[in-house]
Amino acid sequence: MNRYSIKMRASNKEEGHISGAEKIIPEEELEQYCTRLLARALQHSKGKPDFINLKIEAIKEEEILRLPALPVTTVETASAEEGQAVVQDYLRRLGLAHTKEILSIWQQSYAMRGAMLLHADTLQRLEPDRARGIRATYMDLETSDPAAKTACSGKNHFNEALVLATKVVSHPNIVAELCISDDPDYVTGYIASKQFGYVRITTLKEMGSPQGGRIFLFRGNEQECSACIEYLQQQKVLVQRT
Ligand code: PML
Ligand code: MG
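A.B. asks: Looking at this structure, how should I read helix H5 (residues 157–169)?
C.D. replies: Note that an α-helix has 3.6 residues per turn; residues three or four places apart therefore point the same way. Over its 13 residues, H5 runs 18 Å from end to end, which matches the ideal 18 Å to within 8%, given 1.5 Å per residue. The buried count for H5 comes to eleven of 13 residues, which makes it a mostly enclosed element. Among the residues making up H5, those that are buried are His157, Phe158, Ala161, Leu162, Val163, Leu164, Ala165, Thr166, Lys167, Val168 and Val169.

This is how it looks when you write it as structure tokens:
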């Protein structure tokens, strides 16, 4: 089956980045998804875009890696403080020593477009471009469920994050991913790892805060780091939910 990757990004002069989304879909669905992503770009609550980019690339079936979605659990928390303590506890359980420092470095990712790639033990930052960060891309949920397809016209934070986290933590050198949304009204975040799966934390920041970002925690040598960045940015992945 011929597949295509479609990526949409929209921006305007006042806000900068407004919205972005991506899909990997069969050729016969290409037209309808272009329309949906365009609608999504035009209807975002952040404002009207003055620039919309739709990038479409053909993908060969043999280039695609299929991964089962991480198992999902939820921890209910009542405050940002409680949520951060849960993250710290999971980092400890993953065998990391510098849990407090990692939480504090996480805040530096809030100003970045992509994610921070941080050495889990030395706390060295590993992104080649620190302002841009690492953008995990070329991934989608493989589904035949029509409801999931319709949902594409609006953002589904959870589905999109589960796909990204599954791709990211499936790499052998990634120990965990931490994420807080930058959407002011979305306070659920997560810590994902091979060991504990995708752990949703219901309150991880204050309501109304536009501060959010991602850290990928890496363990390995320089060569493994280059291979990991290549995987995060180039490997085509379809995530399957059972
Ligand atoms: C984002 O805004 O893209 C991050 C979404 C985090 C989703 C957390 C969840 O609902 O599980
Ligand atoms: Mg956002």
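A.B. asks: How do you make sense of a positive patch on the surface when you look at a structure like this?
C.D. replies: There is a patch of like positive charges on the surface, built from Arg9, Lys55, Arg113, Arg132 and Arg135. With respect to the helices and strands, the residue Arg135 is situated in the loop between strand S6 (116–119) and strand S7 (139–142).

A.B. asks: Sorry if this is basic, but what is going on with helix H1 (residues 30–42) here?
C.D. replies: An ideal rise of 1.5 Å per residue puts 18 Å on 13 residues; H1 measures up with 18 Å between its terminal C-alpha atoms. Residues of H1 that are buried include every one of Leu30, Tyr33, Cys34, Leu37, Arg40 and Ala41, and no others. Down the axis of H1, the buried set is contained in an arc of 125 degrees. They therefore lie on one face. Exposed and facing more than 90 degrees away from the buried side of H1 are Glu31 and Thr35.

A.B. asks: I would appreciate a short explanation of the sheet that holds strand S10 (residues 197–201) in the present structure.
C.D. replies: Paired through backbone hydrogen bonds, the strands of a sheet run either parallel or antiparallel to each other. Strand order in this open sheet of six strands is S5-S10-S9-S8-S11-S6, and the pairing throughout is mixed. Looking at the sheet topology across the chains shown, the edges are occupied by strand S5 (72–75) and S6. Direction aside, neighbouring strands of the sheet carry axes that sit 20 degrees apart on average. Where strand S8 (residues 174–180) lies against strand S9 (residues 189–193), three bridges are found, and the strand directions are antiparallel. Within S9, the position partnered with Glu177 by the bridge is Ala192. Where helix H2 (residues 80–93) meets the sheet, it contacts S5, S8, S9, S10 and strand S11 (213–218), and its direction lies at approximately 160 degrees from that of S10.

A.B. asks: Even after reading the chapter, I still don't get the environment of Tyr231, so can you show me in this structure?
C.D. replies: Within the element layout of this structure, Tyr231 appears in helix H6 (residues 222–234). You can call Tyr231 buried: its relative accessible area is 12%. Here the alpha-carbon distance between Tyr231 and Ile6, two residues 225 residues apart in the chain, equals 18 Å. Among residues more than four places away in sequence, those in contact with Tyr231 are Leu65, Leu67, Lys167, Ser170, His171 and Val237.

A.B. asks: What am I meant to see in the coordination of the magnesium ion (ligand 2) here?
C.D. replies: Ideal values differ by geometry: the angle at a metal is 109.5 degrees with four tetrahedral donors, but 90 or 180 degrees with six octahedral donors. In the first shell of the magnesium ion (ligand 2), the protein supplies Asp182 (OD) and Asp183 (OD), at 2.2 to 2.5 Å from the metal. Residue classification places Asp182 among the partly exposed positions, given a relative accessible area of 38%.

A.B. asks: Honestly, the nonpolar core in this entry has me stumped. Any pointers?
C.D. replies: Where a protein is soluble and globular, its nonpolar side chains tend to be buried together. Leu117, Val168, Ile174, Tyr190, Tyr198 and Phe216 are the most contacted members of the largest nonpolar core, which totals 32 residues. Within the residue set of this core, elements represented by two or more residues are S7, H5, S8, S9, S11, H6 and strand S12 (236–240). Per-element tally for this core: the top contributor is H5, with eight residues. Setting aside residues no more than four positions away along its own chain, Phe216 makes contact with Ala115, Met116, Leu117, Leu118, Ile134, Ala136, Leu164, Val168, Ile174, Ala176, Glu177 and Leu232. Counting residues in each nonpolar core, the second largest holds 25 residues, with Leu91, Ile105, Leu178 and Ile180 among its members.

Conventions and cut-offs
Residues numbered from 1 in each chain as written. Chains lettered and ligands numbered in written order. Predicted model: local features only at pLDDT ≥ 70, side-chain atom pairs only at ≥ 80, totals over all residues. Heavy atoms only, no water. Helix = DSSP H or I, 4+ residues; strand = E, 2+ residues; numbered from the N terminus. Expected span 1.5 Å × (residues − 1). Buried < 20%, exposed > 50% of the residue type's maximum accessible area, 1.4 Å probe, protein only. Patch = residues over 30% accessible without salt bridge, like charges linked within 9 Å, V, L, I, M, F, W, Y side chains within 5 Å. Areas by Shrake-Rupley, 256 points an atom, 1.4 Å probe, with all protein chains shown as cover. Salt bridge = Lys/Arg side-chain N within 4 Å of Asp/Glu carboxyl O. Lys, Arg positive; Asp, Glu negative; His and termini not counted. Charge placed at Lys NZ, Arg CZ, Asp CG, Glu CD. Arc of directions from axis to C-beta. Pairing = 2+ DSSP bridges. Axes fitted to C-alpha atoms, helices over the stretch in contact; angles between N-to-C directions. Contact = heavy atoms within 4.5 Å. Donors = N, O, S within 2.8 Å, 3.2 Å for Na, K, Ca; no water. Core = buried A, V, L, I, M, F, W, Y, C linked by side-chain atoms within 4.5 Å.

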